[in-house]
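Here are the chains, one letter per residue:
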Amino acid sequence: MTTAKDAARTAQRSDAFRRVARAGFVVVGLVHIIIGAIAVSIATGGGGDADQDGAMEQIRSTPVGGLVLGMVAVALIALAVWQIASGLLAGGKEPRKWGMRVKLIGIAGAYLVIAGLALIFAFGGHAESETTLRTLSAVILGAPGGIVVLVILGLTVAGVGIGFIVIGFTRGFEKTMDVPDGPSRPAIIALGVAGYIAKGIAIAVTGVLFVVAAWTQDPEKAAGLDAALRSLVDLPLGRAILWLVGVGLAVYGVFSMVRARFARM
């Protein structure tokens, strides 16, 4: 652990590495802006996959898409390493310290998954996250106690979404940033509040779909972000709700880009 901590300290002391890691927030922002735009398109009668797969496909369709996706992967891997280093160096009492480590490593894992998708698309491949999730749900449901496991998984994902919503309402994201004083402060805070709430709704609905899949024992109902967003259309005023969530995801993307400048790193 001492060696790992020494490596973490070395990484965090590197200005060059810090700059690349900050670029990771810009990349996260770009992905969310694209997903939000696709969600708005769906709400207004258009098409597309409103998830990470769809975002990567959109980037690859540009003239320099492969190069951009390679840069996306590098920046996200750097940001993931930074999160892991922060987890290893987390201080405080043991329960709080380990809780922070689990949280940061979990975030790093999410960044690495997106980085992996970027590399797959960069080299001409294709990945379908919804098919993977449905297959995983079928495997879980087929195992002893699988229904309970899938419910727990769904509730965990929904809990993460609720956590995002709470952070938005309480402005908890300010603890991780040096938000400047002055006329730009209210705008930055507004971006964070709206973005976190919208992202939280999207994640929470994804978790609910896993619970529904477990309750009905139908793995086809367990899907990813795209299906979760599309399910909002079935609600009263569903298209308006999806439009608002899509705009909110794009706002979260803009906030992530702002965060690249003001995140405490």
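So, how was this worked out
Residues numbered from 1 in each chain as written. Predicted model: local features only at pLDDT ≥ 70, side-chain atom pairs only at ≥ 80, totals over all residues. Heavy atoms only, no water. Axes fitted to C-alpha atoms, helices over the stretch in contact; angles between N-to-C directions. Helix = DSSP H or I, 4+ residues; strand = E, 2+ residues; numbered from the N terminus. Parallel < 35°, antiparallel > 145°, perpendicular 65-115°, else oblique. Left-handed = near helix turned anticlockwise from the far one by under 90°. Nonpolar A, V, L, I, M, F, W, Y, C, P; charged D, E, K, R; others polar. Core = buried A, V, L, I, M, F, W, Y, C linked by side-chain atoms within 4.5 Å. Buried < 20%, exposed > 50% of the residue type's maximum accessible area, 1.4 Å probe, protein only. Contact = heavy atoms within 4.5 Å. pLDDT = per-residue confidence, 0-100. Phe/Tyr/Trp six-rings, centres within 6.5 Å; stacked < 30°, edge-to-face > 60°. Lys NZ or Arg CZ within 6 Å of the ring centre and 35° of its normal. Expected span 1.5 Å × (residues − 1). Patch = residues over 30% accessible without salt bridge, like charges linked within 9 Å, V, L, I, M, F, W, Y side chains within 5 Å. Areas by Shrake-Rupley, 256 points an atom, 1.4 Å probe, with all protein chains shown as cover. Salt bridge = Lys/Arg side-chain N within 4 Å of Asp/Glu carboxyl O.

Focus: the packing of helix 7 (residues 146-170) against helix 8 (residues 184-216)
Across the interface, helix 7 lies against helix 8 with an axial gap of 7 Å and an inter-helix angle of 170°. Here helix 7 lies roughly antiparallel to helix 8, going by the angle between them. Crossing of helix 7 over helix 8 shows left-handed handedness. Grouping the amino acids of the contact of helix 7 with helix 8 by side-chain chemistry returns 22 nonpolar, 6 polar and 1 charged.

Some thoughts on the nonpolar core
Nonpolar side chains in soluble globular proteins tend to be buried together. Residues Ile 35, Ala 50, Met 56, Leu 76, Tyr 111, Leu 229 and Leu 242 are the most contacted members of the largest nonpolar core, which totals 43 residues. Within the residue set of this core, elements represented by two or more residues are helix 2 (15-43), helix 3 (52-60), helix 4 (65-88), helix 5 (94-122), helix 8, helix 9 (225-231) and helix 10 (238-262). At 10 residues, helix 2 tops the list of elements feeding residues into this core. Not counting residues up to four positions away in its chain, the partners in contact with Ala 50 are Ile 35, Ile 38, Ala 39, Ile 42, Leu 225, Asp 226 and Leu 229. Core analysis: the second largest hydrophobic core is formed by 11 residues, Ile 189, Ile 203, Tyr 252 and Phe 255 among them.

Side note on unusual backbone geometry
Most peptide bonds adopt trans geometry, and most residues besides glycine take a negative phi value. In this structure, Arg 171 takes a positive phi of about 60° despite not being glycine. Tracing the backbone shows Arg 171 in the loop between helix 7 and helix 8. Unusually for a residue other than glycine, Leu 237 sits at a positive phi of about 60°. Secondary-structure assignment places Leu 237 in the loop between helix 9 and helix 10.

As for the environment of Asp 49
Mapping Asp 49 onto the fold places it in the loop between helix 2 and helix 3. Through-space distance from the C-alpha of Asp 49 to that of Ala 39 is 8.1 Å; in sequence the pair is 10 residues apart. Residues in contact with Asp 49, not counting those within four places in the same chain, are Ile 38, Gly 54, Ala 55 and Asp 226.

Some thoughts on the environment of Gly 224
Mapped onto the elements of the fold, Gly 224 is located in the loop between helix 8 and helix 9. Using a relative accessible area of 4% as the deciding quantity, one classes Gly 224 as buried. Measuring from C-alpha to C-alpha, the distance between Gly 224 and Ala 202 comes to 9.8 Å, with 22 residues separating the pair along the chain. Dropping the residues within four chain positions of it, Gly 224 is found in contact with Glu 130, Leu 133 and Thr 206.

Notes on the confidence of the model for the protein
Summing up the model confidence of the protein, the mean pLDDT is 85 and the portion of residues at 70 or higher is 93%. Least confident of the elements in the protein is helix 1 (residues 2-13), whose mean pLDDT is 64; most confident is helix 10, at 92.

Structural notes on the packing of helix 2 against helix 4
When two helices pack together, their arrangement is captured by the angle between the axes and the distance separating the axes. Remark: helix 2 packs on helix 4, axes separated minimally by 7 Å, with the N-to-C direction vectors making an angle of 115°. Here helix 2 is positioned roughly perpendicular relative to helix 4, judged by the angle of their axes. Between helix 2 and helix 4 lies a crossing of left-handed hand. Listed contacts from helix 4 to Phe 17, Arg 18, Val 20, Ala 21, Ala 23, Gly 24, Phe 25, Val 27 and Val 28 of helix 2 are Val 72, Val 74, Ala 75, Leu 76, Ala 78, Leu 79, Val 81, Trp 82 and Gln 83. Of the residues contributing to the contact of helix 2 with helix 4, the split by class is 15 nonpolar, 2 polar and 1 charged.

Observations concerning the packing of aromatic side chains
Aromatic rings in a pair are described by how distant their centres are and how their planes are angled relative to each other. On inspection of all chains with the given rule, the structure shows 7 aromatic pairs. When the centroid spacing of 6.5 Å and the interplanar angle of 65° are considered together, the rings of Phe 164 and Tyr 252 count as edge-to-face. Of the two residues, Phe 164 sits in helix 7 while Tyr 252 sits in helix 10, which places them 88 residues apart along the sequence. Across the pair, exposure class does not vary: Phe 164 and Tyr 252 are buried alike. Positioned above the aromatic ring of Phe 164, the side-chain terminus of Lys 199 is 5.5 Å from the ring centre.

Remarks on helix 8
When the terminal C-alpha atoms of helix 8 are compared, their 48 Å separation across 33 residues agrees well with the 48 Å that a helix rising 1.5 Å per residue should span. Taken from the residues just after helix 8, Gln 217 is the one with a positive phi, measuring 55°.

Here we look at a nonpolar patch on the surface
A cluster of nonpolar residues, Ile 77, Val 81, Ile 84, Ile 105, Leu 112, Leu 119 and Phe 123, forms a patch on the protein surface that exposes about 610 Å² of accessible area. Listed by contribution, the elements that provide at least two residues to the nonpolar patch are helix 4 and helix 5. Looking at the element boundaries, Leu 119 is found in helix 5. Relative accessible area serves as the criterion here: at 34%, Leu 119 is assigned to the partly exposed category.

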